[in-house]
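Survey of secondary and tertiary structure
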Amino acid sequence: MKINAVCFDLGNVLLHIEWEKLTRQLAAKSSLPPEEITRLLRKDPQPVAYELGKVTSAKFFAHLKKLLKYKGTSKELRAAFSEIFTPLPDHIALAAMLSRHYPLALISNTNEAHIVHAESTYSFFPLFPVRIYSHQVKMMKPNRDIYDAARAALGNIDPLEILFIDDLEANIVAAAKLGWQTIHLRPDVNLGEALASYELLGLD
């Protein structure tokens, strides 16, 4: 099947997320241990609300400061929350090669703090003229509406001509149900080899 656009997830596809670093940094200025911080973050609905753009950054971090008994400043809390990414250079290089031949899009469940930090820190974002962020469009994967928003931004091309790369199975399944081609980027999957199976231009 011919591919005319390639969509990437951001977290753990182009940027590795170090959740353990987050909990360690938060615990350093909290009376709570990392394990309790992890438990609280997992059960708290506010991170999802923040990714959906339902709460402002100011309100979210004020809530987090209280929830986690964080003793540092709000600026330090936002930095600890945001500085958890490490670029995946091999994957970014593949995206750069593809960008010479195909329109690229990002489709990411993310929040304002993470995107402000990432876009100001890493230089690869201009490779992606289409960027669909959950907190901006107020919808999240695997809801089909966020895929429809990406497809519309790409010019409503045939779903069968869109290739989508994500590390989470639920997001891949949702895209496949819409007719998109997919690569489930599990830890054991080599992205270069997976892309090669689609006979894409620019990877030679």
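The following paragraphs examine the structure supplied in this document. Because the structure is a prediction, the values reported are computed rather than measured.

What counts as what
In this numbering scheme, every chain counts its residues from 1 along its sequence in written order. Given that the model is predicted, a residue must reach a pLDDT of at least 70 before its local features are reported, and side-chain atom pairs must reach 80 or more before they are shown or counted; all residues, however, enter totals for whole chains, interfaces and linings. Side-chain descriptors were evaluated using all non-hydrogen atoms of the structure, hydrogens and water having been removed beforehand. Any carboxyl oxygen of Asp or Glu within 4 Å of a side-chain nitrogen of Lys or Arg constitutes a salt bridge here. Each helix is a run of DSSP H or I of at least 4 residues and each strand a run of E of at least 2, with the numbering of both proceeding from the N terminus. Burial classes: relative accessible area under 20% of the type maximum marks a residue as buried, over 50% as exposed, and values in between as partly exposed (1.4 Å probe, protein chains only). Here, the arc refers to the directions that run from the helix axis to the C-beta atoms. Any two residues having at least one pair of non-hydrogen atoms within 4.5 Å are treated as being in contact.

Turning our eyes to something else, we now look at the pattern of salt bridges. Under the defined criterion, the tally for this structure stands at eight salt bridges. With a closest N to O distance of 2.7 Å, E36 and R39 form a salt bridge. Residue E36 and its partner R39 are located together in helix α2 (residues 34–43), separated by three residues, close to a single helical turn. It is possible to trace a salt-bridge network through shared partners that takes in D9, K141 and D166.

Those residues of helix α4 (residues 57–67) not exposed but buried are S57, F60, F61 and L64. Summarising the axial view, the buried residues of α4 lie within an arc of 90°, below the 170-degree limit, and thus occupy one face. Structural note: α4 exposes A58, K59 and K66 on the side pointing more than 90 degrees away from its buried face. In this structure, the buried side of α4 is in contact with α2, α3 (46–51), α5 (74–82) and α7 (112–121).

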